[in-house]
Amino acid sequence: MIAVMMTGIVYADDTEIIASGICGFEGKDNLTWELDGKGNLFITGSGDMNNYSWDRPEENPWNDFRSQIKTINISEGAINLGWYAFADFSNLESITIPASMTLPEGEALYHCDNLKTIIVDENNPIFDSRDNCNAIIETATNTLVLGCKNTVIPESVVEIGYCAFQNCIGLESITIPEGVTGISMHAFDCCSNLKSIVLPENTTFIRTEAFRNCNSLKSITIPESVTFIGKGAFYNCSSLENIDIPEGITNISYDTFRGCSSLKSITIPESVTDIKNYAFSGCSSLKSITIPEGVTSIDSWLFYGCSSLENITIPENVIDIGDYAFWGCRSLKSITIPESVTNIGNNAFIRCNDDLVIYGMPGSYAETYADQNGIKFKVYCPHENTTETAQKEPACTTCGYTAGVYCNDCGRHIEGRDEIPALGHDWGEGVITKDATCTEAGVKTFTCSRCKETKTEEIPATGHTEVVDAAKAPTCTETGLAEGIHCSVCGTVIKAQEEIPALGHTFKKGFCIRCIEKDPSYVDPAANGFIFAG
């Protein structure tokens, strides 16, 4: 095979070019492109590439071929990758960045699910792909600006850059080296198959929506060194089950854990003084949460749709509960509101449990609010007269409870007493207590090994085992029988053998033609002197 060099790009002379055009900035011809039949896209020329729009893919010059393109080779001279230039190239596997490129926009390769290989020319003064890492790294700052599902982050990297792995659906796990100090905006946004991640001890910040829509992410370890978590950082991480916020955090921003529908527990440090709107909205598995004493406001929509939340105590310094703060908390049965609260917003407790009780001090704003909105009110109890309650073990059909502390004055468990699910019966394999017959069902009896409760299951009747009764032909003097059927197990006659009458004799010349029985009434003509002429 003979290779021909054209403007720094190697073409195979036996490969047909199936499409071509221009892709320079604002429609100029400073950059041109060609696509061969093997899915190789070659971009040649110099200067800026044109920018394109995610919502208008038809303006992209190679839009009709996006599913065919497997590799992108950009010649020396090109300066940048245009916005969304190669977005949604579902079969793109590799891209080569030339030494001349100084601005590889992350969105250029947005949603390229199968991208495996990223190579930067070793002479590029701005970027590199050191250690064969399959990523683009800004050399001067050691920031990883673009990665793919095969990226191995080098130890020298200090920051995961803006949109670096955004929409990298093929990414399931990745190791963040010890030197990384920060996770930038949208760094892992929409990595929908990322299951777990551990941030190193040197990490200090997690920017806006860094892990948004990572809906397979079950666990993340955030070190104590982190002092900033941005807006919507874990928005819609619907598989995340628990999280501990480090002591250095003072603010939980808007939407931070919104839509984390599997989140069951969260630890908020006392350092937190501000929790913004929607921070825990839609955390439908969250049963309880402790709000730090330094918080002064329960913002609007904060616990909107937390349908498993059962009780909550508002800290003494809170003065305001915002609009719709607890909307749709269908399991919320008690909330303690201090005297410091002077305002509760519109529909703050709409669609909560019908048995919701507000606990507060007599004459407080909380009592007035409860009165005006038809919510039960009870005087707040300092829980000075308490009793420890032992753990109740669950049974087969009834739930148990963990040990707890019961207040004898207000009649509530103030600690513990978490429900332990019922065990369910252990039926085992069962014993046959009545055998099935041909026509009657049998019975199999099961006994629970724990509570001895029993249940029965029907064993279907076996049905008859049919045997053919052979037919018997009738004779001249004896009756016969037709073919029949009976059950070989129980003897039941399924089809009776019908009797066939005897045939009787048919005589001819003194004898029966079937059995040769002599006809007693036959007279031999010869015996009477008759001679028959021949």
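If you're wondering where the values come from, they're calculated on a predicted model, not measured in any experiment. (Residues numbered from 1 in each chain as written. Predicted model: local features only at pLDDT ≥ 70, side-chain atom pairs only at ≥ 80, totals over all residues. Heavy atoms only, no water.)

Looking at the overall build of the protein
Okay, so step 1: Helices and strands together make up the secondary structure of the protein, namely 1 helix and 45 strands.
Okay, so step 2: Taking 2.2 N^0.38 as the reference for a compact globule, 534 residues should give roughly 24 Å; the C-alpha atoms of the protein span a radius of gyration of 43 Å, well beyond that estimate.
Okay, so step 3: Partitioning the contacts of the protein with sequence separation of at least 6, the portion at a separation of at least 24 is 29%.
Okay, so step 4: Approximately 27,100 Å² of the protein is accessible, and the part contributed by carbon and sulfur atoms is 48%. (Helix = DSSP H or I, 4+ residues; strand = E, 2+ residues; numbered from the N terminus. Rg over C-alpha atoms; globule rule 2.2 N^0.38 Å. Contact = heavy atoms within 4.5 Å. Areas by Shrake-Rupley, 256 points an atom, 1.4 Å probe, with all protein chains shown as cover.)

Observations concerning the sheet that holds strand 26 (residues 320–321)
Okay, so step 1: Here we have 3 strands laid out as an open sheet, ordered 24-26-28, and parallel in their pairing. What marks the edges here is a single partner per strand, and that holds for strand 24 (297–298) and strand 28 (343–344).
Okay, so step 2: Inspection of the sheet shows strand 26 paired to strand 28 by 2 bridges, in the parallel sense. Each bridged residue has a counterpart across the sheet, and for Ile 321 the counterpart in strand 28 is Ile 344. (Pairing = 2+ DSSP bridges.)

Some points on the packing of aromatic side chains
Okay, so step 1: Considering all chains together, one arrives at 20 aromatic pairs under this definition.
Okay, so step 2: Ring geometry for Phe 86 versus Phe 89: centroids 5.7 Å apart, planes at 75°, classification edge-to-face.
Okay, so step 3: Clustering of aromatic rings is evident, with ring pairs tying together Phe 165, Phe 188, Phe 211, Phe 234, Phe 257, Phe 280, Phe 303, Phe 326, Phe 349 and Tyr 369.
Okay, so step 4: The aromatic ring of Phe 205 is capped on one face by Arg 207, whose charged end is 3.9 Å from the ring centroid. (Phe/Tyr/Trp six-rings, centres within 6.5 Å; stacked < 30°, edge-to-face > 60°. Lys NZ or Arg CZ within 6 Å of the ring centre and 35° of its normal.)

Let's talk about the side chain of Thr 143
Okay, so step 1: Tracing the sequence through the fold places Thr 143 in strand 13 (residues 143–146).
Okay, so step 2: A distance of 3.0 Å separates polar atoms of two side chains, one belonging to Thr 143 and the other to Thr 141.
Okay, so step 3: Ignoring anything within four residues of it in the chain, the contact list for Thr 143 reads Ile 136, Ile 137, Glu 138, Glu 159 and Gly 161. (Polar contact = N/O pair within 3.5 Å; in protein donor to acceptor, adjacent residues only side chain to side chain.)

What about the pattern of salt bridges?
Okay, so step 1: Under the definition given, this model contains 11 salt bridges.
Okay, so step 2: A salt bridge links Arg 66 to Asp 88; its shortest N-O distance comes to 3.9 Å. Separated by 22 residues along the polypeptide, Arg 66 in the loop between strand 5 (40–45) and strand 6 (71–74) and Asp 88 in the loop between strand 7 (80–81) and strand 8 (94–97) bring together distant segments of the chain.
Okay, so step 3: For Arg 66, a relative accessible area of 16% corresponds to the buried category.
Okay, so step 4: Its salt-bridge partner being Arg 212, residue Glu 209 comes within 3.7 Å of it at the nearest N-O pair.
Okay, so step 5: Residues joined by salt bridges that share partners form a network here, namely Asp 55, Arg 56 and Glu 59. (Salt bridge = Lys/Arg side-chain N within 4 Å of Asp/Glu carboxyl O. Buried < 20%, exposed > 50% of the residue type's maximum accessible area, 1.4 Å probe, protein only.)

Quick look at the sheet that holds strand 37 (residues 442–447)
Okay, so step 1: The antiparallel open sheet is built from 3 strands, whose spatial order is 36-37-38. In this open sheet, the two edge strands, each paired with only one partner strand, are strand 36 (431–434) and strand 38 (454–459). For this sheet the average axis-to-axis angle between neighbouring strands, irrespective of direction, equals 35°. (Axes fitted to C-alpha atoms, helices over the stretch in contact; angles between N-to-C directions.)

Thoughts on the layout of surface pockets
Okay, so step 1: If you add up the space inside the largest pocket, you get close to 1,400 Å³.
Okay, so step 2: In terms of lining, the largest pocket is formed by 44 residues, of which the most central are Glu 310, Asn 311, Ser 334, His 413 and Ile 414.
Okay, so step 3: For the lining of the largest pocket, the secondary structure elements donating two or more residues are strand 22 (265–267), strand 25 (311–313), strand 27 (334–336), strand 29 (357–360), strand 34 (412–416) and strand 35 (419–420).
Okay, so step 4: The dominant element in the lining of the largest pocket, judged by the number of residues it contributes, is strand 34, at 5 residues.
Okay, so step 5: Of the residues contributing to the lining of the largest pocket, the split by class is 16 nonpolar, 14 polar and 14 charged. (1 Å grid on protein atoms, 1.4 Å probe; cavity = no way out; pocket = protein on both sides within 12 Å on 5 of 7 lines; lining within 4 Å. Points joined across faces, edges and corners; volume = space filled by probe spheres on them. Nonpolar A, V, L, I, M, F, W, Y, C, P; charged D, E, K, R; others polar.)

Function cannot be inferred from these measures alone, as they are strictly geometric.
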